[in-house]
Every structure is written in structure tokens, then in C-alpha cells.
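Topology and contacts: notes
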Amino acid sequence: WVHKIDIPAFPWPVAPFPQLKYPLSENEEFNKQEEARCLEIYKNILDDPANQGDNCIAAVIIEPVQSEGGDRHASNDYFCSLRNIAAERDVPFIVDEVQTGLYPTGTRWAYEAWGLDNPPDVMVFSKKTLTGGFLENTITSGGLSRPHASYAQRVPVG
């Protein structure tokens, strides 16, 4: 069930988000282990044979700061690892900047501070932009947003 409302949700795999301890300077070792634990689960989900073939993972979606029910952050290294793992497995990497876009994190888009070698395939935004939309990295995504055929060509008539 979807959080807070009684609508059935899809049984999509969900990797845990690190639960860091603060202050960061006093909990460095714990936080590194927590991020490593979450990354291992993430890799296992992507590599699970049940998530291959017809049931393959279509994309990875990450929120830079999880603000529903708290204010949860992770390190730049964690996000770089998420991106690299997705790229190694040829899984599109989507960054949800609805909450974090347009400077609340100090940069226009939160992902800009992560130091990614390979930018996200898609970034979605809304709210503060006064519109909703997405930006696609056509170099890495291979044109995810472009359909191979129009809707009319894909749907049989009659």
C-alpha cells in the first residue's frame, strides 16, 4: 500500500536509504558501514535473477534528500557509487530533484555537488520551477524518452 493512502502499489524492489548518525564527524565509521550495507543490498537487487529478463529493473530512481518523514541525507560518495553501479549494469539512473532543485542544497541541482563522473540519465523536477518536467542526458541514456513508434502504431485497432 502506498504511504498514507489506501491505493495498492506495485511490488517494485526498494533498496534502503542509509540511516546516518549525527554529528557526522563523530560517526564516520558507522556511517561508512551503513552506506556500504545499503549499497550491497542495492547491488543484490540489481543482480537478482528474479529482476532480469521480462522482470528487469527499468530504472533506478533516487531522491538526493529524503524529506518525507524526516530529513535524511547520504554522502557524495554514496551517490557516486549508486550511479556507477547503475551504469555498470546498463540501468538508467534517474535523479528526482522535485524537493532539492533550484538551490536548497546550495547548488542548482543537488546532483551537481556529488562529483559524478557520469551525469544522471534523467533528472526530474517540479514545484519551485513553477512547472514539472525532466531533462534527459541523451549521451548516456540512449534516448530513453523517445518512443520507437507512435502510440497509434503500437496499439492495434479493432
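A quick note: this is a predicted structure, and the numbers were derived from the prediction, not measured.

Quick look at the overall build of the chain
- Summing up its helical and strand segments, the chain has 4 helices and 4 strands in all.
- The helix and strand sequence of the chain, counted from the amino end, reads α-β-α-β-β-β-α-α.
- Partitioning the intrachain contacts of the chain with sequence separation of at least 6 by distance along the chain shows that 55% fall at a separation of at least 24.
- By element, 55% of the accessible surface of the chain is carried by carbon and sulfur atoms, the whole surface being about 10,600 Å².

Some details on the nonpolar core
- Residues Tyr42, Ile62, Tyr78, Phe79, Leu82, Phe93 and Trp114 are the most contacted members of the largest nonpolar core, which totals 25 residues.
- The set of elements that each furnish at least two residues to this core consists of helix H1 (28-47), strand E1 (60-62), helix H2 (76-88), strand E2 (93-96) and strand E3 (122-125).
- Among the elements that line this core, the one with the most residues is H2, at 6 residues.
- Look past the residues within four positions of Tyr78 in its chain and what remains in contact with it is Pro16, Phe17, Pro18, Glu35, Cys38 and Leu39.

How each quantity is defined
Within each chain, residues carry numbers counting from 1 in the order of the written sequence. In keeping with the model being predicted, local features are shown solely for residues with a pLDDT of at least 70 and side-chain atom pairs are shown and tallied solely at 80 or more, while totals for entire chains, interfaces and linings include all residues. Each side-chain value is worked out from all heavy atoms of the structure, with water and hydrogens disregarded. The helix and strand labels rest on DSSP assignments: H or I over at least four residues marks a helix, E over at least two residues marks a strand, and numbering proceeds from the N terminus. Whether two residues touch is decided by their heavy atoms; if any such pair falls within 4.5 Å, the residues are in contact. The accessible surface values rely on the Shrake-Rupley method and a 1.4 Å probe; as for residues, cover is taken only from the protein chains in view. By convention a nonpolar core is built from buried Ala, Val, Leu, Ile, Met, Phe, Trp, Tyr and Cys residues, the set being connected through side-chain atoms within 4.5 Å. Each residue is assigned to one of three classes by its accessible area relative to the maximum for its type, calculated with a 1.4 Å probe on protein chains only: buried under 20%, partly exposed between the two thresholds, exposed over 50%.

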